[in-house]
Structures are given as C-alpha cells and as structure tokens.
Amino acid sequence: MAVYEALNWEPAGSVAVKLSTGEPPESNYLEPELIKDLVQSVDGTIVECNTAYGGSRTETAMHRQVAEDHGFTAIADVDILDADGSMELPVEGGIRLEKNLVGAHFGNYDSYIVLSHFKGHAMAGFGGAIKNISIGLGSKEGKCLIHTAGASNSSPWGGDQTGFTESMAEAGKSVSDYLGNGERIVYVSVLNNISIDCDCDGNPAEPYIHDIGIAASLDPVAVDQACIDLAFAAEGSEALQVRVNEREGLHTLEHAQEIGLGSRTYELVNIDK
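Below you will find a few notes about this structure.

### Examining the overall build of the protein
Piece 1. Helix and strand counts for the protein stand at 9 helices and 10 strands.
Piece 2. Over its C-alpha trace the protein gives a radius of gyration of 17 Å, about what one expects of a compact globule, namely 19 Å for 273 residues.
Piece 3. If you line up the protein on its principal axes, its C-alpha atoms span 45 × 40 × 35 Å.
Piece 4. Expressed as a percentage of its 273 residues, the buried residues of the protein come to 56%.
Piece 5. In the protein, once contacts between residues fewer than 6 apart in sequence are set aside, the share between residues at least 24 apart is 73%.
Piece 6. Of the roughly 11,200 Å² of accessible surface on the protein, 45% is carried by carbon and sulfur atoms.

### Details of the side chain of S116
Piece 1. Along the chain, the position of S116 falls in strand β6 (residues 111–117).
Piece 2. Side chain to side chain, S116 and N132 meet in a polar contact 3.0 Å long.

### What about empty space enclosed by the protein?
Piece 1. Within this structure, the stated rule accounts for 2 cavities of 30 Å³ or more.
Piece 2. For the largest cavity, the full set of lining residues is I194, S195, I196, E206, P207, Y208, I209, G236 and L240.
Piece 3. Among the residues making up the lining of the largest cavity, the classes are represented as 6 nonpolar, 2 polar and 1 charged.
Piece 4. Counted as a void, the second largest cavity has a volume near 30 Å³.
Piece 5. F126, I130, K131, M168, D224 and T252 are the residues that line the second largest cavity.
Piece 6. Among the residues forming the lining of the second largest cavity, the class breakdown is 3 nonpolar, 1 polar and 2 charged.

### Structural notes on a nonpolar patch on the surface
Piece 1. Residues Y53, M123 and W157 make up a contiguous nonpolar surface patch of roughly 330 Å² in combined accessible area.
Piece 2. In this fold, Y53 is placed in the loop between β2 (45–48) and α3 (60–69).

### Details of the nonpolar core
Piece 1. Ranked by internal contacts, the top residues of the largest apolar core, which has 40 residues, are F106, Y112, F118, L137, V175, I185 and L240.
Piece 2. Where this core is concerned, the elements lending two or more residues are β4 (86–90), β6, α4 (129–133), α6 (161–178), β9 (185–191), α7 (220–232), α8 (238–246) and α9 (249–258).
Piece 3. With 6 residues, the single largest contributor to this core is α7.
Piece 4. Here F106 is in contact with L81, M87, L89, Y112, L137, V175, Y178 and L179, once residues within four sequence places are set aside.
Piece 5. Ranked by size, the runner-up nonpolar core spans 25 residues in total, among them V3, Y29, V39 and I75.

### Some remarks on the pairing of β4
Within a regular strand, side chains alternate between the sheet's two faces.
Piece 1. Side chains M87 and L89 of β4 all project onto a buried face; the interleaved residues S86, E88 and P90 project onto a face where none is buried.
Piece 2. Of the strand pairs in this sheet, β4 and strand β5 (residues 99–103) are connected by 5 bridges, and their pairing is antiparallel. Within β5, the residue paired with L89 across the bridge is N100.

### Observations regarding α9
Piece 1. What α9 keeps buried is the set G249, H251, T252, L253, H255 and A256.
Piece 2. Buried residues belonging to α9 abut β8 (125–127), α4, α6, α7 and α8.
Piece 3. Within two residues after α9, G260 carries a phi angle of roughly 95°, on the positive side.

### Overview of the environment of T60
Piece 1. Tracing the backbone through its elements, the reader meets T60 in helix α3.
Piece 2. Beyond its immediate sequence surroundings of up to four residues, T60 is in contact with N50, I80 and A83.

### Examining the packing of α7 against α8
Piece 1. Contact geometry of α7 with α8 gives a least axis separation of 9 Å together with a crossing angle of 140°. Taken together, the axes of α7 and α8 lie oblique to each other. On the side of α7, the interface is formed by I228, A231 and F232, while α8 contributes L240, Q241 and V244.
Piece 2. Per-class residue counts for the contact of α7 with α8 are 5 nonpolar, 1 polar and no charged.

### Some thoughts on the sheet that holds β9
Piece 1. If you walk across this open sheet you meet the 6 strands as β3-β2-β1-β6-β9-β10, and the pairing is mixed. Here the strands that pair on one side only, and so sit at the sheet edges, are β3 (78–80) and β10 (213–217). Averaged over all pairs of adjacent strands, the angle between strand axes in this sheet comes to 25°, irrespective of strand direction.
Piece 2. Sheet topology note: the strand β1 (residues 15–18)/β2 ladder contains 3 bridges and is parallel. Across the sheet, A16 pairs through a bridge with T45, a residue of β2.
Piece 3. Contacting β2 and β3, α3 crosses the sheet at an angle of about 150° to β3.

Reading guide: rules and limits
Residues numbered from 1 in each chain as written. Predicted model: local features only at pLDDT ≥ 70, side-chain atom pairs only at ≥ 80, totals over all residues. Heavy atoms only, no water. Helix = DSSP H or I, 4+ residues; strand = E, 2+ residues; numbered from the N terminus. Rg over C-alpha atoms; globule rule 2.2 N^0.38 Å. Buried < 20%, exposed > 50% of the residue type's maximum accessible area, 1.4 Å probe, protein only. Contact = heavy atoms within 4.5 Å. Areas by Shrake-Rupley, 256 points an atom, 1.4 Å probe, with all protein chains shown as cover. Polar contact = N/O pair within 3.5 Å; in protein donor to acceptor, adjacent residues only side chain to side chain. 1 Å grid on protein atoms, 1.4 Å probe; cavity = no way out; pocket = protein on both sides within 12 Å on 5 of 7 lines; lining within 4 Å. Points joined across faces, edges and corners; volume = space filled by probe spheres on them. Nonpolar A, V, L, I, M, F, W, Y, C, P; charged D, E, K, R; others polar. Patch = residues over 30% accessible without salt bridge, like charges linked within 9 Å, V, L, I, M, F, W, Y side chains within 5 Å. Salt bridge = Lys/Arg side-chain N within 4 Å of Asp/Glu carboxyl O. Core = buried A, V, L, I, M, F, W, Y, C linked by side-chain atoms within 4.5 Å. Pairing = 2+ DSSP bridges. Axes fitted to C-alpha atoms, helices over the stretch in contact; angles between N-to-C directions. Parallel < 35°, antiparallel > 145°, perpendicular 65-115°, else oblique.

Rendered as structure tokens:
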C-alpha cells in the first residue's frame, strides 16, 4: 500500500488488477494476503488470460479453478479476459507487429494496476511489468503473435528470440497507448522469491536471491530496469544474470525505450527513508 500510494496516482472508473494466477502445484505467484489491501482499496477486479502452452490454465474453467485454489477469488472478483476471444489493438511505431490481440474483456476496464512478481523466465529471460502487459494480457492468439513476431496467431512455436523480445515491447506499447498513453496504468513489481523460473512453471528452481522489496512506477521500462539492477546487484544473482543474458532479456527494454514505451533511466526513491 505504501509504495502504491507514493505514486500519487488515482485510477479512473473501473479498475483491473493484472497479475499471474500461478501454475500449480508450486509456483511463486503473489500471495493473496500480500496484495489483498491494494486490490480492495481500488475495488479492483483481478484479471488474467489463458495460457497458450497447455498446463492447468489453458482453458477458462480450469483457469478459474486455479484462481480459486490459489486464493484469488476470496479477495476479489476474477475475470479471465479472453474467455470470449480477442480484442485487437493497433501497434504504433513497431517493426514486428502491426496489431496486438488482447483478451476480449480488456476494454471493459478504465484503469489498470499491473501487479508483477519479478523473477527469471525460461523464454523471456525475466518476467516483470512489460511481460505482464504483453504476453500476460494477450489472448491465446495474441500470445502466439508475440512469440512468433506476428507470423502466427495459432502456434507460439518457431519464432526467433530477438523477434520475440521486440514483439513483447511492441505489444506492451499498444496496451499503454490504449490506456491514455500510459495515464491509466501503473506498475507495482514485487521482488521476492526470485527464482530463475517464471510463475508459469509449476516446479520452479529454488530462489538464490534474498527478498529485496517492492518497486513501483508509472513507467514499465523504468520499473523493469530498476528491478533488473536491484536483482543483479544482489548476492546469489549469477544464475539469474545468465538466464536473462542468454534469452536477450535486456533487449526487451532496449526496444521498449526505442519505440517510446518508457525510459531505462530512472531515479530510485526509497520510501522507507
């Protein structure tokens, strides 16, 4: 609550809180007890999209059950955004995507709070704010488009890594642009349980990094860069650094800055001081 309030941002209208519901059985999703006060303070609806890779969250009914099992339905309403298909957003200034396909219910909400668990990721290098608004808000079709840099909306496989990272940045920009050029979306990222594996992995590697804290920003590029810097500076970060660098994770931030999603330059303000 403290880091969110420090942003001095007020949501307009209906509020969606985007997070990962976490893949069973043992993923490191954000605990409902940790986020409950924030979600309820804005009368938020927790939103998520189905996965494109199988697992326990690939179909809406199964996904709702996971959300219930993990405690999210006990703190707020939960909306699977692509339960009724896709909504198309234009991509401005991109070199990979001409359109982005988000869940059809995406437009039902006026403001978005993006709650991200910062960690590594087997395909993207790391998962943070940009991944949460690109792959995270993508419908199944949209996830496939991002993974294949626009080549396919039916299969997520076969794309090249650089195209994937750049497409994440471009999809994220389309979301920000739609939400008042970023005025109706904010980002809160939790640096705890920092494994090299994502919350889409039901059996992630043990975290080697101690819990660091919570970062928040109006800029998704800045908050992701700050999380990277904080995590990389921490003891035990070697495996995470290898994961991020092998997957060209930092290129997502480079491209996001190039196309105007945000800035990698930031000022870190410690609200505990």
